[in-house]
Amino acid sequence: MNPFRGVDFYQADDLLSDVERMARDTVREWVGERVVPVIDTHFEDGTFPMHLIPEMAELGLFGANLPEEYGCAGMNNVAYGLVMQELERGDSGIRSFASVQGALVMYPIYTFGTEEQKRHWLPLLARGEKIGCFGLTEPDHGSDPGGMTTTAIRKGDRYVLNGTKSWITNGTIADVAVVWAKLDGQVTGFLVENGTSGFTAPEIRHKMSLRASITSQLIFEDCAIPEENLLPGSGGLASPLRCLNQARYGIAWGTIGAAMACYHAALEYSLERIQFDRPIGGFQLVQEKLVYMLTEITKAQLLALRLGRLKDENRIEHSQTSLAKRNNCAMALEVARMARDVLGANGISLEYPVIRHMCNLEAVKTYEGTHDIHTLILGQSITGQNAFR
Ligand SMILES: Cc1cc2nc3c(=O)[nH]c(=O)nc-3n(C[C@H](O)[C@H](O)[C@H](O)COP(=O)(O)OP(=O)(O)OC[C@H]3O[C@@H](n4cnc5c(N)ncnc54)[C@H](O)[C@@H]3O)c2cc1C
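Residues numbered from 1 in each chain as written. Predicted model: local features only at pLDDT ≥ 70, side-chain atom pairs only at ≥ 80, totals over all residues.

## Some points on the domain arrangement of the chain
Going by this rule: For the domains described, the bounds stem from an automatic or database domain assignment. Two residues qualify as a contact pair if the distance between their C-beta atoms, derived from the backbone, is within 7 Å. Note on conventions: DSSP H or I runs of at least 4 residues are helices, E runs of at least 2 residues are strands, and numbering of each starts at the N terminus. Note on residue categories: nonpolar means Ala, Val, Leu, Ile, Met, Phe, Trp, Tyr, Cys or Pro, charged means Asp, Glu, Lys or Arg, and polar means any other residue, Gly included.
For the chain, the assigned domains read domain 1 (12-126), domain 2 (132-229) and domain 3 (238-383). Here the C-alpha centroids of domain 1 and domain 3 sit 19 Å apart. With 27 residues of domain 1 at the contact, the number on the domain 3 side is 28 residues. Every element with two or more residues in the side of domain 1 that touches domain 3 is listed here: α1 (18-45), α3 (77-90) and α4 (92-112). Across the side of domain 1 that touches domain 3, the residue classes break down as 12 nonpolar, 8 polar and 7 charged.

What follows is the structure, encoded as structure tokens:
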């Protein structure tokens, strides 16, 4: 395959600043050199490429849109989005790692933590010297996290946690978990360090999606943590939902990267694959698929860019993020399925990136609010009527 050069049918590059383009191109090159050559093996083996963590940190990819005073890159949100796009062009597992570390661990510490917590944790997490995870989902509470049964009870100068979290990205390899538990009935954030007595994080195996990403349970059995591990600015379900909105923003961009990888593979393949004495890209039915993919990618790019500008101007609404997450995940999954079709039997082989992206995108469509949950968020936003229950 020819090297990836991006997909930019509407010259959206013109709408980016030099700094934004540079951030994107740096990560694009790094992904091509460091992620693409190894990711199939990790996907097949069900492992995360741990050796890439220091390199990602060196590039400033963890908490990249958080301030420099805490050791972060201080990018604007458009540059941050473009970085997520390029990471997911490599693999959704790589983007998920960066999303969790930045949007779901560093962001809550930055937003709800004490100055001491911020000064301690943010530089360590930005340098990739510590890995974090975010525990909200439980075995019996996914789309409805407010029903969580994990509890924290104050005992002297400690909080004692009991409960189980499920489907937690990076859980087994994390040094610190941002855990959401009910304290006196109110959802509250806590920092639980790996090695704390009463805390275990077994890996969830046998996944057929996001295989190059570690997913775990977090189990708390009379797990006592120091009182200073509470995130004092957190309180109520709105706190974890604010974190999810940060991550959803990154997903809206990231999925464009996965879709671009699939479109690129399908286009290249359609020009090389000869059937009935001509490249299959010369057949109208194949062209129709390629045109669909390009159209949907172009629409998604413009959507994400506008969302990013609104975020940088502090004018973003959570329902706007929902619209982009919902649309771009569904778009990318459809593009991946269509690309798989264009590649015929080769479409199911890991020799090509398409089936890997397609399987990954099934999980990306579900996590951080399923497609249907974002439909309900949008429905409520436009009608004022709550259709959740
Ligand atoms: C690979 C992976 C990584 C993840 N990483 C994390 C993580 O790091 N941290 C974390 O906390 N969580 C994580 N999750 C969990 C994820 O956020 C949840 O899976 C997601 O919120 C959906 O919850 P659920 O799987 O329990 O599905 P359910 O909530 O049981 O939903 C099942 C189906 O019912 C539908 N449904 C539910 N309620 C309604 C309703 N009111 N109206 C209409 N339809 C409805 C849903 O749309 C869905 O189609 C991860 C999940 C995966 C797969």
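The structure having been displayed, the exposition proceeds.
## Remarks on the packing of α1 against α3
Short version of the rule: Helix axes are fitted to C-alpha atoms over the stretch in contact, other axes to C-alpha atoms as well, and angles between N-to-C directions run from 0 to 180 degrees. For classification, angles of less than 35 degrees are called roughly parallel, those exceeding 145 degrees roughly antiparallel, those between 65 and 115 degrees roughly perpendicular, and all remaining angles oblique. It is the rotation of the near helix from the far one that decides the hand of a crossing: anticlockwise by less than a right angle makes it left-handed, clockwise makes it right-handed.
Interhelical geometry of α1 versus α3 gives an angle of 15° and a closest axis separation of 8 Å. Here α1 is positioned roughly parallel relative to α3, judged by the angle of their axes. In the packing of α1 onto α3, the handedness of the crossing is right-handed. Where α1 abuts α3, its residues V19, E20, A23, R24, V27, R28, V31, V35, V36 and I39 lie against V78, A79, L82, V83, E86, L87, R89 and G90.

## Focus on the pairing of strand β3 (residues 158-169)
Convention followed: Paired strands are those between which DSSP finds at least two bridges.
Relative to β3, strand β2 (residues 151-155) runs antiparallel, the two being bridged by 5 bridges. Its bridge partner lying in β3, T151 is registered against N162. Between the end of β2 and the start of β3, which pair antiparallel, lie 2 residues, with G156 showing a positive phi angle near 65°. In terms of strand pairing, β3 meets strand β7 (residues 215-226) through 9 bridges, oriented antiparallel. By the bridge assignment for β7, V160 is matched with A224.

## Side note on the site of the ligand
In plain terms, the rule: What makes a residue near a molecule or strand is its C-beta atom, placed from the backbone, lying within 6 Å of it.
Around the ligand, 21 residues are found, and the nearest of them are L136, T137, G142, S143 and D372. For the shell around the ligand, the secondary-structure elements that each account for two or more residues are β1 (132-135), β3, α9 (354-366) and α10 (371-383). For the shell around the ligand, the per-class residue count stands at 11 nonpolar, 8 polar and 2 charged. Split by domain, the shell around the ligand shows at least three residues from each of two domains, domain 2 (132-229) and domain 3 (238-383).

## Thoughts on helix α7 (residues 284-312)
Using the following cut-off: Here a helix's expected span is defined as the number of its residues, less one, multiplied by 1.5 Å. To assign burial, the other C-beta atoms lying within 10 Å of each residue's own C-beta are counted, with C-beta atoms placed from the backbone; 20 or more indicates buried, 12 or fewer indicates exposed, and intermediate counts indicate partly exposed.
The end-to-end C-alpha separation of α7 is 42 Å, in line with the 42 Å expected for 29 residues at 1.5 Å each. Turning to α7, its buried residues number three or more, namely V286, M293, E296, I297, A300, Q301, A304, L307, G308 and K311. On the buried face of α7, the contacting elements are α3, α6 (238-272) and α8 (318-342). Just downstream of α7 lies N314, where phi reads positive at about 60°.

## Some thoughts on unusual backbone geometry
Of note, the phi angle at D222 is positive, near 50°, even though the residue is not glycine. As for its placement among the helices and strands, D222 is situated in strand β7. Owing to 12 C-beta atoms within 10 Å, D222 belongs among the exposed residues under this scheme. Although it is not a glycine, F276 sits at a positive phi angle of roughly 50°.

## Side note on α8
An ideal rise of 1.5 Å per residue puts 36 Å on 25 residues; α8 measures up with 36 Å between its terminal C-alpha atoms. Directly after α8, the chain includes G344, whose backbone phi takes a positive value near 55°.

## A short note on the pairing of strand β4 (residues 176-183)
The element β4 is extensively covered by neighbouring structure, given that 6 of its 8 residues are classed as buried. As judged from the 4 bridges shared by β1 and β4, these two strands associate in the parallel manner. When the bridges of β4 are listed, C133 appears paired with A177. Two strands pair when backbone bridges link them, and β4 and strand β5 (residues 186-193) are joined in this way by 8 bridges, in the antiparallel orientation. Residue pairing across strands places V179 opposite F190, the latter belonging to β5. The hairpin formed by β4 and β5 contains 2 residues between the paired strands, and D184 there has a positive phi angle of roughly 50°.

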